[in-house]
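# Chains, contacts and geometry: an overview
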Amino acid sequence: MKRILAFIKDHALPTAMITGALAHEWVSRLSFLTPFLIFAMLLITFCKISWRDIRFHPAHLWLLLIQLAGSAGLYLLLRPLDETIAQGALLCMLAPTATAAAVITGMLGGSVGFLTAYLLFCNIAVAIAAPVYFSFIGVHEELSFLQSVWYICRQVFPLLIFPLFIAVALRKYVPKVHKALLSLPRLTFYLWTVALVIVMGITVNFMLEQARSNLKTGIGLSVASLTLCCAQFWIGRRIGRQYGDPVSSGQGLGQKNTILALWMAQTYLNPLISLAPATYIIWQNIINACQLWRRNRRTPAKK
């Protein structure tokens, strides 16, 4: 049984993607579950945070500036060329750090405390910035700017911030429930796998319906996500190297919550844009696999 569970965990990414692709007609009907899964994953992640270890680091500021200002600047730069690719690029940079990034950071020898703190700061920043950015893009053109901001904020902000408030309340007022959540360390992993199956089903279903007529745009979004994935890992490591920890900054900027990005694309933008975060899933996991392989090769396990 342990071998079976280990095999499933090691091959979760391709298994989830293949399952979602093959069963896209059925799993795409479960799209309503995506925000609940994201909420649950963030809640469990925030419950694991030790608030005494949450400290602001100068590198956090640089990463946030690149993420927020860079996504807006890149959108404005690409918009005259192609609006869809510009939105896909914005989403690939704006998406917050993945909850699983702390795990990968620890495996690579980085600072889990640094990454966990950035995960918190990053989600708060994106919760504030995303409604403004999507409103400027003109997602709901029938609404005024302030109405559009409020409309998006009502849905994005609770999804990213309420789990934080609930985690704090559970720790202080309902410690038994808080302790019960901490006793399920793999729950976030399983929730992430289920969410990945659903979003892949939604994406494949949409691709089969419309991608043939938008092949050029689809390729452009895939190339843009690949370029931005490599660039963000590289820039993050360059910043981290200035502070003696390239791994943590690299994962903080490069490893994205693509489940959330897919949901944002399908909810507020042209659904075709979901191809950008969908392919980003592939690129970032290839990079993570290569980093782990190099790490294991340099530091072989002791016998």
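Conventions adopted
- Residues numbered from 1 in each chain as written.
- Predicted model: local features only at pLDDT ≥ 70, side-chain atom pairs only at ≥ 80, totals over all residues.
- Heavy atoms only, no water.
- Axes fitted to C-alpha atoms, helices over the stretch in contact; angles between N-to-C directions.
- Helix = DSSP H or I, 4+ residues; strand = E, 2+ residues; numbered from the N terminus.
- Parallel < 35°, antiparallel > 145°, perpendicular 65-115°, else oblique.
- Left-handed = near helix turned anticlockwise from the far one by under 90°.
- Contact = heavy atoms within 4.5 Å.
- Nonpolar A, V, L, I, M, F, W, Y, C, P; charged D, E, K, R; others polar.
- Salt bridge = Lys/Arg side-chain N within 4 Å of Asp/Glu carboxyl O.
- Buried < 20%, exposed > 50% of the residue type's maximum accessible area, 1.4 Å probe, protein only.
- Phe/Tyr/Trp six-rings, centres within 6.5 Å; stacked < 30°, edge-to-face > 60°.

Looking now at the packing of helix H6 (residues 83-94) against helix H12 (residues 215-242). Interaxial distance between H6 and H12 falls to 9 Å at its minimum, and their mutual angle equals 30 degrees. With respect to each other, H6 and H12 are oriented roughly parallel. The crossing of H6 and H12 is right-handed. Within the contact between the two elements, H6 uses Thr84, Ile85, Gly88, Ala89, Cys92 and Met93 and H12 uses Thr217, Gly220, Leu221, Ala224, Ser225, Leu228 and Gln232. Looking at the contact of H6 with H12 residue by residue, the classes come out as 7 nonpolar, 6 polar and no charged.

Relative orientation of the contacting elements helix H5 (residues 58-78) and H6 amounts to 175 degrees, with a least axis distance of 8 Å. The angle between H5 and H6 places the two elements in the roughly antiparallel class. Contact residues: Ile66, Gln67, Leu68, Gly70, Ser71, Leu74, Tyr75 and Leu78 in H5; Glu83, Ile85, Ala86, Gln87, Ala89, Leu90, Met93 and Leu94 in H6. Considered class by class, the residues forming the contact of H5 with H6 number 11 nonpolar, 4 polar and 1 charged.

Let us now look at the side chain of Thr217. Here Thr217 shows up in helix H12. Aside from chain neighbours lying at most four places away, what touches Thr217 is Asp82, Thr84, Ile85 and Leu272.

This part takes up the pattern of salt bridges. One pass over the full model with this rule turns up 1 salt bridge. Salt-bridge contacts for Glu83 lead to Arg79; the nearest nitrogen and oxygen are separated by 3.2 Å. Owing to a relative accessible area of 27%, Glu83 belongs among the partly exposed residues under this scheme. According to the relative accessible area criterion, Arg79 is partly exposed, its value standing at 41%.

What follows covers the packing of aromatic side chains. This model, assessed by the stated rule, comprises 1 aromatic pair. Pairing Phe56 with Phe121 gives two aromatic rings, centres 5.5 Å apart and planes at 55 degrees, and the pair type is tilted. Pair noted here: Phe56 is in the loop between helix H4 (34-47) and H5 and Phe121 is in helix H8 (residues 112-137), with a separation of 65 residues, a long-range link.

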